[in-house]
Amino acid sequence: MINITFPDGAVRQYEQGSTAMDIAKKISEGLARKTLAAQVNGEVWDLSRPIKNDATIQFLTWDDEKGKSTFWHSSAHLMAEAVEDVFPGVKFWVGPPVEKGFYYDMDLGENIITESDLEKLEKKMNELSKQNNSFTRKEISKADAIKYFTEKGDEYKLDLLSNLEDGNITFYTQGNFTDLCRGPHIPSTGLIKGIKLTGISGAYWKGDEKNKMLTRIYGVTFPNQKELDEYLIFLEEAKKRDHRKLGKELGIYTMDDDVGPGLVLWMPNGTIIIEELEKLAKETELEAGYKRVVTPHIAKENLYLTSGHLPYYQESMYPPMELEGVKYYLKAMNCPHHHKIFAAQQHSYKDLPLRLAEYGTCYRYEQSGELFGLMRVRCLHMNDAHIYCTKEQFASEFRAVNDMYIKYFKIFGIEKYVMRLSLHDPKKLGQKYVNEPELWIETEAMVRQVMKDANIPFVEVPDEAAFYGPKIDVQIWSAIGKEFTLATNQVDFAQGRRFGLEFKNQNNEMETPLIIHRAPLGTHERFIGFLLEHYAGKFPLWLSPVQVKILPISDKFLSYAENILSQLKNNDIRAEIDERSEKIGKKIRETELAKVPLMLIIGEKEMNESKVSVRRQGKGDEGTKTAEEFIEMVKEEVKNKTQIN
RNA sequence: GCCAGUGUAGCUCAGUUGGCCAGAGCAGCUGAUUUGUAAUCAGCUGGUCGGGGGUUCGAAUCCCUCCACUGGCUCCA
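Residues numbered from 1 in each chain as written. Chains lettered and ligands numbered in written order. Predicted model: local features only at pLDDT ≥ 70, side-chain atom pairs only at ≥ 80, totals over all residues. Heavy atoms only, no water.

Enquirer: Tell me about the overall build of chain A, and name the residues and values.
Expert: Counting its secondary structure elements, chain A contains 20 helices and 33 strands. Seen through its C-alpha atoms, chain A measures out along the principal axes to roughly 85 × 75 × 55 Å. Scored against the burial criterion, the 645 residues of chain A give a buried share of 51%. Within chain A, counting contacts between residues at least 6 apart in sequence, those at least 24 apart form 68% of the total. When the accessible surface of chain A is split by element, carbon and sulfur atoms take 48% of a total near 31,500 Å². On chain A, the mean spot of the 86 positive side-chain charges and the mean spot of the 98 negative ones are 2 Å from each other. (Helix = DSSP H or I, 4+ residues; strand = E, 2+ residues; numbered from the N terminus. Buried < 20%, exposed > 50% of the residue type's maximum accessible area, 1.4 Å probe, protein only. Contact = heavy atoms within 4.5 Å. Areas by Shrake-Rupley, 256 points an atom, 1.4 Å probe, with all protein chains shown as cover. Lys, Arg positive; Asp, Glu negative; His and termini not counted. Charge placed at Lys NZ, Arg CZ, Asp CG, Glu CD.)

What follows is the structure in C-alpha cells.
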C-alpha cells in the first residue's frame, strides 16, 4: 500500500501501482469524468500512469491552468493526427500549448495548406475525437526512437532526439498517430469537443530567420461546444474594439499609400487627444521638476556613432541623406540630442538631477511585416525625457519615475499590465550589450531594489535590456491579444561616458552622470492606440474630441442652441450643433454612435425654461439643467478627469 | 524581410464555371418634411474593379509582377 496526500492535507492509502484515475474514481465518478491530468509530487502526470511510491496528488481539471495546457497539448496531437491523414508524409516539429490554445509546426513538403483545408481538418479532428482513442505512454530507448524516426525519414524529430538523454524518452500514441513527446496527456481524445482551427502561418524552424520556414497551424479547443461558441463571440467583440477599426470610425487617424506605410496622419479628432495628452505630460513634468527642450528631427552620422546607436540599429533607421559629403540620419531616438544639450553647459553636482523632456518625433524603419496600426509605426512621437543624476540620486529619481507611471495609470484606469525588469545576457556582452559586466550587475541590482522598496510587482526577463543598461518595461495587450511595451524606464550607464558628459562633484572632481531614459506615456501612436481599445472608443470627457453635441429638435430652436454653444465655447468646452433638419431620434442615434459623451437636447420646453436636457452617451436622459449648472458639471468632470463606465 | 491570405463606390459588402452599359445598403448632394430621447420620404451623384503587364473574340473573374493591408514568424532603441 502507498500513502497518497491530498491538497487539503488528508492522507489515504491505496494499492501500490494505483493510477491517478483509479484514485479519482474511488473518490467520485464526477471527479473522474472531469479530471484531465494529475499533479503527482509537483509534476504533471497522465492519469493512467501507475504511482509506485508514497506521493502527494492534485487532480487537474479544465479550471486549472495546467489542466488546460495538458488539454491543449493533447489537442495539438489530435490535430497532428488529422493533418497526417489529410497530408500524408508531413513531418512534425513541435506542438505546444500556448496562452489561448495550441499550435503545431510542420513541414508539409510540396503541399500548400489553405483556409479551406482547416475546415477539412476540423472535421477530421471531430471524427477522431468521436473514436475516443486513449493517449498511451511508452518509455523507449534512444536507439529505438532513432530507428523509428530514421525509418520514417523525419529529420525534425531526430534533431529533437539528439538533445535528449537515453532513459528519458517517451512516445505517445493515440489512434494511428505516434509522436515523440514528454507528455503528459489527457486520458482520451473524446474529451476534446469544441474544436476550432484559428489560423495558418509560417514560422521559422527554431525561431531563427536563417532557417527554413515551417507551416504553423493554430487552434483552440474546449471540453464542450458551448465554451467554444462563447469564445468565438468574445473574439468578435474584441474585434469591435480594435483600434484600427475604431480609429477609422471615430476619425482619429488615417494612413495613405502615397504618404507611406507606418506613417500616421492624425486627423482633427486625434489631434485633440494628442494635445490633451501633451498638456497632461507638461503639467506633470513641470510639477516633477523637468525642463522642456526642442531638438531637430535629423542629425549627422557622427552623432549616432558617438552614441553607439548606429552599429546596433542601422537596419531600423531610415537610410541617410547625403549633403556635401556629410550623411544625415532621421533620428530614431532623442537621447543623443538631449545629451548634447547637457554637454552644452558646464554642470555642478548642485545642478543635478537635470531632467530634460521633449515630446520627440522619431523615425524608425520597422520591417514592413511588423507594422501594426498605431501600435507599430515608422514615425512616432515619444513622451521622452532624460534624467542626468549622480549615483546617490539614482534610486530616488528612478523611484520618482515609477511613481509617475503609477499616477498616470490611475488617471487612465489602466489596470491590466505587467512591469518587466529587462536584464542583459552576460553571453552577449560586447555584441548586443555594452561590455561593462560590473556596471550591468550593479545597475540591475539598483533597479531591482527600487522596485522591491516601492512594493511594485514585476517579473524579471533576461536578454531584453537596452544595449546601454537595464530597463523596466510596462507590457500591455491589444484587443486582439498582441503584447506591446506601452512605456519604458531605462538606466543608462554607457552613453554618459561615450558623450564625455561630466559634472563637478563635491570633491572638485569630474564625474560622469547616470542617465535615466523614461517614456511613461510611451508614444502618442501606441498610447492612443491603446486608449482606443482600453476605452472601446468611449473616451472620458477630458479626452473626448467633441465633448458636447447640441441637438435642436427643430430649426426653430437654432438660435437658442447657438446661444448655448457660445456659452460652452467661452468655457473652453468642445461643442458642436447638429443643425440638420433631421428627426431628433436620428440625431441622437448618430451622436451615440460617434461616442460623444454628452448631448444637449433643445426644444420648446427647454427654450421656454432657459434650460437644457442632458443626455449621456450609453446612459440616456439625465434630466434638465440650466446652462450654468451644465457648464459647471462639465468643468468639474474635465478637471477631475472623471471616468464614467 | 519570410510564409499564407485579401484588395470591387467615402464605408460595409454582392458579383455563379471568363460573356449584355459592374450591383445593394449606408454615407454624400438636392428637394420635401419642422420633428421630443438610437434610423422621415423622394430623386440624384459617385467605381482607372489596388497599379502595371499578359492570355483570350471577350477579364472584376485566369496567369505574371509590383504595391498596400490582414494573420503569423523574425524583429521591437
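Enquirer: Help me get a handle on the protein's contact with RNA strand B, residues and values and all.
Expert: Close to RNA strand B lie 51 residues, the nearest being Ser201, Tyr204, Ser316, Glu370 and Glu606. For RNA strand B, the fraction of atoms within 4 Å of the protein that belong to sugar or phosphate moieties is 45%. In this structure, serine 201 approaches RNA strand B through a side-chain N or O atom, which is 2.4 Å from a sugar or linking oxygen. Here aspartate 257 contributes a side-chain N or O atom positioned 3.5 Å from a sugar or linking oxygen of RNA strand B. Elements that contribute at least two residues to the surface near RNA strand B include exactly strand E12 (194-204), strand E13 (213-222), helix H18 (584-593), helix H19 (604-609) and strand E32 (612-616). Sort the elements by how many residues they give to the surface near RNA strand B and H18 lands first, with seven residues. (Near = heavy atom within 4 Å. Polar contact = N/O pair within 3.5 Å; in protein donor to acceptor, adjacent residues only side chain to side chain.)

Enquirer: How would you summarise the domain arrangement of chain A if you had to cite specific residues and measurements?
Expert: In many analyses, interface size is given as the accessible surface area lost on bringing the parts together. By the assigned domains, chain A splits into domain 1 (2-61), domain 2 (66-240), domain 3 (266-294 + 331-534) and domain 4 (548-640). Summarising the inter-unit geometry, the C-alpha centres of domain 3 and domain 4 are found 42 Å apart. (Domains from an automatic or database assignment.)

Enquirer: So what's going on with the nonpolar core? Residues and values would help.
Expert: Judged by nonpolar contacts, the single largest core of 74 residues is most densely connected at Ile252, Leu277, Phe394, Phe412, Ile528, Leu531 and Leu543. Top element by residues in this core is helix H13 (residues 391-412). It accounts for nine residues. Filtering out sequence-adjacent residues up to four positions away, leucine 277 remains in contact with Phe412, Leu521, His524, Phe527, Ile528, Leu531, Trp542 and Leu543. Core analysis: the next-biggest nonpolar cluster, separate from the first, contains 33 residues, Trp62, Trp72, Val220 and Leu228 among them. (Core = buried A, V, L, I, M, F, W, Y, C linked by side-chain atoms within 4.5 Å.)

Enquirer: Mind laying out the sheet that holds strand E17 (residues 298-300), listing which residues take part and the relevant values?
Expert: The strand order E17-E19-E18 describes an open sheet built from three strands, whose pairing is antiparallel. Every other strand in the sheet has two partners, leaving E17 and strand E18 (321-323) as the edge strands with one partner each. For this sheet the average axis-to-axis angle between neighbouring strands, irrespective of direction, equals 35°. Pairing of E18 with strand E19 (residues 326-330) involves three bridges; the strand directions are antiparallel. Across the sheet, residue glutamate 322 finds its bridge partner in E19, namely lysine 327. (Pairing = 2+ DSSP bridges. Axes fitted to C-alpha atoms, helices over the stretch in contact; angles between N-to-C directions.)

Enquirer: Residue-level account of the packing of aromatic side chains, with values.
Expert: For the coordinates displayed, the defined rule picks out 32 aromatic pairs. With a centroid separation of 4.3 Å and an interplanar angle of 20°, the aromatic rings of tyrosine 312 and phenylalanine 467 are classed as stacked. One end of the pair, tyrosine 312, is in helix H11 (residues 309-313); the other, phenylalanine 467, is in the loop between strand E23 (459-461) and strand E24 (471-477), and 155 residues separate them in sequence. Owing to a relative accessible area of 2%, phenylalanine 467 belongs among the buried residues under this scheme. Ring pairs connect the aromatic residues Trp62, Phe71, Trp72, Phe222, Tyr231 and Phe234, which therefore count as one cluster. Positioned above the aromatic ring of tryptophan 62, the side-chain terminus of lysine 68 is 5.0 Å from the ring centre. The ring of tyrosine 365 carries arginine 378 above its face, with NZ or CZ at 4.0 Å from the centroid. (Phe/Tyr/Trp six-rings, centres within 6.5 Å; stacked < 30°, edge-to-face > 60°. Lys NZ or Arg CZ within 6 Å of the ring centre and 35° of its normal.)

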